[in-house]
Amino acid sequence: MRIGIDVGGTNTDAVLMDGRKVLAGVKRSTTADVTSGIGDAIQALREQSPFENADVRAVMIGTTHFVNALVQARDLAPTAVVRLGLPASAALPPLTDWPEALVSAISARVYLAHGGHEFDGRPISPLDPAELRAQAAEMRAAGVRSVAIASVFSPLNAELESAAAEILRAELPEFVTFSLSHEIGRLGILERENATVINAALRELGAEVIEGLATNVRGLGITAPIYLSQNDGTLMDEDFVRRYPVATFASGPTNSMRGAAETTGLATCAVVDVGGTTADIGLIEGGFPREAAASVAVAGVRTNFRMPDVISIGIGGGSIVDVDTAEVGPESVGFRLTEKALVFGGDVLTATDIAVAGGRVTLGDPARVAHLDPALVERVLHRIDQRIAEAIDRMRTSPEPIPVVAVGGGAVLLAPTLPGLGEIVRPENAGVANAIGASISQVGAEIDTVESILPGSRDTVLAALKERAIAEAIAAGADPATVTILDVDEIPIPYLPGGATRVRIKAVGDLEGVSA
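A brief structural summary. (Residues numbered from 1 in each chain as written. Predicted model: local features only at pLDDT ≥ 70, side-chain atom pairs only at ≥ 80, totals over all residues. Heavy atoms only, no water.)

### Things to note about the overall build of the chain
Piece 1. A count of helices and strands for the chain gives 13 helices and 24 strands.
Piece 2. Since a compact globule built from 516 residues should have a radius of gyration of about 24 Å, the 24 Å found for the chain is in line with a globular shape.
Piece 3. Viewed in the frame of its principal axes, the chain has a C-alpha envelope of about 75 × 55 × 50 Å.
Piece 4. For the chain, with 516 residues in total, the buried portion stands at 55%.
Piece 5. By sequence separation, contacts in the chain at least 24 residues apart represent 68% of the contacts at least 6 residues apart.
Piece 6. Summed over all atoms, the accessible surface of the chain reaches about 20,700 Å², with 51% contributed by carbon and sulfur.
Piece 7. Side chains of the chain give 41 positive and 65 negative charges; the mean places of these two sets differ by 0 Å. (Helix = DSSP H or I, 4+ residues; strand = E, 2+ residues; numbered from the N terminus. Rg over C-alpha atoms; globule rule 2.2 N^0.38 Å. Buried < 20%, exposed > 50% of the residue type's maximum accessible area, 1.4 Å probe, protein only. Contact = heavy atoms within 4.5 Å. Areas by Shrake-Rupley, 256 points an atom, 1.4 Å probe, with all protein chains shown as cover. Lys, Arg positive; Asp, Glu negative; His and termini not counted. Charge placed at Lys NZ, Arg CZ, Asp CG, Glu CD.)

Here you go:
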């Protein structure tokens, strides 16, 4: 058995799975500390379908805790960023495009140092240990607790980032953590550097959250390994989360899309995940979310680590309705829906109240919304359907018809059909599809590099990179018998000599010892 959990801003959803079969599914309000809400959800699963602790082989969790901390600029560690690239790369210093509030929240210290490589591996300049030691002295005096290191073209040659980390580590207190850009982002120094700084700022929180999750789950007598889901639909263990909390950022939408594909059997579809605060729209291709091709902005910061291609709009079950304009959201009552919405005895008109008044769902006390003007109700419901349909249309890459799957607790807001898109598929257990997605997550690895592919060498180069991706997936905990190559992407770089080609290869496999 496996337990899948997805922690949203409003609800914490959980499922108990036996292979591909859902034995129990529950939805509980998210708690302020996150971890106790997870404990409540697991206890509710046990009440619905009693199980022995020893039968649980893994607990998979998706959480918005880290991205919320960044968006709200809270619980972030004092962070320094060191860029290796002088005399190049000085025109745009680190954090140039960051919001001032976020720079202040991490008490940012910025340093430029010598180092870095050209695309073909030639050094820009040698590392200067004395320069780094002087910077370390400033960091120590400023109370820096986490350091991000980014070197030009480090995904192709990471040796200088590792060497710089060793020099700085020897000069700084033991509790200081280090994040290296070649382990986090893709090619593109500014976006990769940004992702690394975000990761560094979240390292302390990552350790706290994992400790809280482990204590809570172990306190229930469950000793199975705990995994958190990543942005690409794969898993990471507790130690990985402590080192790379940034990898959890889009796990919520990813889990929902994976769960939608699993519960419908559709390998290609559009997915609308309607929660309490937002509706997330994405595309499933080959059973996995389509990844964003360009950089993705998180809390106003451009990054380039693996993220699903998702449009989020401020429509959810807790969204507040403006009576004058018939607009919905983006403000939401969030996890206080059951105390704020009219149908639950509150005094705030929410999208859930409109759905009840319009007959789309029965919740709470329908008599409390009987006074609403039918014309207003119809206008709001039409506006919800219209905005969702427009978002789906923006995601499509072809005019061909595509199935639309609605999941999430707020999916009851939607009509049976959407304008221009036809009937919506509503799978069984749609309300906990995100938790199902977490429970079926696999282990993966990705290679992103630039190779010189000369005539006649393509097959040899790709075969070696595929073997490397498979080996990394196995090292991450995948069952060797189940690892497959999910995606191969080749992009020639015409302005570079020697047949330079950017190659991205992704391998995935089932978690060893836990077959779905």
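### So, the pattern of salt bridges
Piece 1. Scanning all chains against the criterion turns up 22 salt bridges.
Piece 2. One salt bridge in this structure joins Arg396 and Asp393, with 2.8 Å as the shortest N-O distance.
Piece 3. By relative accessible area, Asp393 is classed as partly exposed at 43%.
Piece 4. Of the charged contacts in the structure, one is a salt bridge between Asp489 and Arg504, with a shortest N-O distance of 4.0 Å. Residue Asp489 is located in strand 23 (residues 484-492), and its partner Arg504 is located in strand 24 (residues 500-509); the two are separated by 15 residues in the primary sequence. (Salt bridge = Lys/Arg side-chain N within 4 Å of Asp/Glu carboxyl O.)

### Examining unusual backbone geometry
Piece 1. Here Leu86 and Pro87 are connected by a cis peptide whose omega angle stands at 5 degrees.
Piece 2. With a phi angle near 60 degrees, Asp75 is a residue other than glycine that sits in the positive phi range.
Piece 3. Along the chain, Asp75 turns up in the loop between helix 2 (65-71) and strand 5 (79-86).
Piece 4. Among the residues examined, Asp75 registers a relative accessible area of 47% and is labelled partly exposed.
Piece 5. If you check the backbone angles, Ala326 has positive phi at about 65 degrees while not being a glycine.
Piece 6. Mapping Ala326 onto the fold places it in the loop between strand 17 (319-322) and strand 18 (327-332).

### A short note on empty space enclosed by the protein
Piece 1. This structure, assessed with the given rule, holds two cavities of 30 Å³ or more.
Piece 2. Put simply, the largest cavity is a space of about 40 Å³.
Piece 3. Contributing to the lining of the largest cavity are Glu291, Glu446, Asp487, Arg504, Ile505 and Lys506.
Piece 4. Looking at which element gives the most residues to the lining of the largest cavity, the answer is strand 24, with three residues.
Piece 5. Its residues placed into classes, the lining of the largest cavity shows one nonpolar, no polar and five charged. (1 Å grid on protein atoms, 1.4 Å probe; cavity = no way out; pocket = protein on both sides within 12 Å on 5 of 7 lines; lining within 4 Å. Points joined across faces, edges and corners; volume = space filled by probe spheres on them. Nonpolar A, V, L, I, M, F, W, Y, C, P; charged D, E, K, R; others polar.)

### Focus on the sheet that holds strand 9 (residues 226-229)
Piece 1. Taken in spatial order, the six strands make up an open sheet running 3-2-1-4-9-10, and their pairing is mixed. Edge positions in the sheet fall to strand 3 (21-29) and strand 10 (235-237), since each of these pairs with one other strand and no more. The sheet shows a mean angle of 25 degrees between the axes of neighbouring strands, direction not considered.
Piece 2. Bridge analysis of strand 4 (residues 58-63) against strand 9 gives three bridges, and the strand direction is parallel. When the bridges of strand 9 are listed, Val59 appears paired with Ile226.
Piece 3. The strands touched by helix 1 (residues 35-48) within the sheet are strand 1 (2-7), strand 2 (11-18), strand 3 and strand 4, with strand 3 carrying the most contacts at an inclination of about 135 degrees. (Pairing = 2+ DSSP bridges. Axes fitted to C-alpha atoms, helices over the stretch in contact; angles between N-to-C directions.)

### Some details on the pairing of strand 18
Piece 1. Pairing between strand 17 and strand 18: three bridges, direction antiparallel. Paired with Ser319 across the two strands is Ser332, which belongs to strand 18.
Piece 2. Remark: four residues form the turn of the hairpin made by strand 17 and strand 18, two consecutive strands paired antiparallel; Ala326 in that turn has positive phi of roughly 65 degrees.

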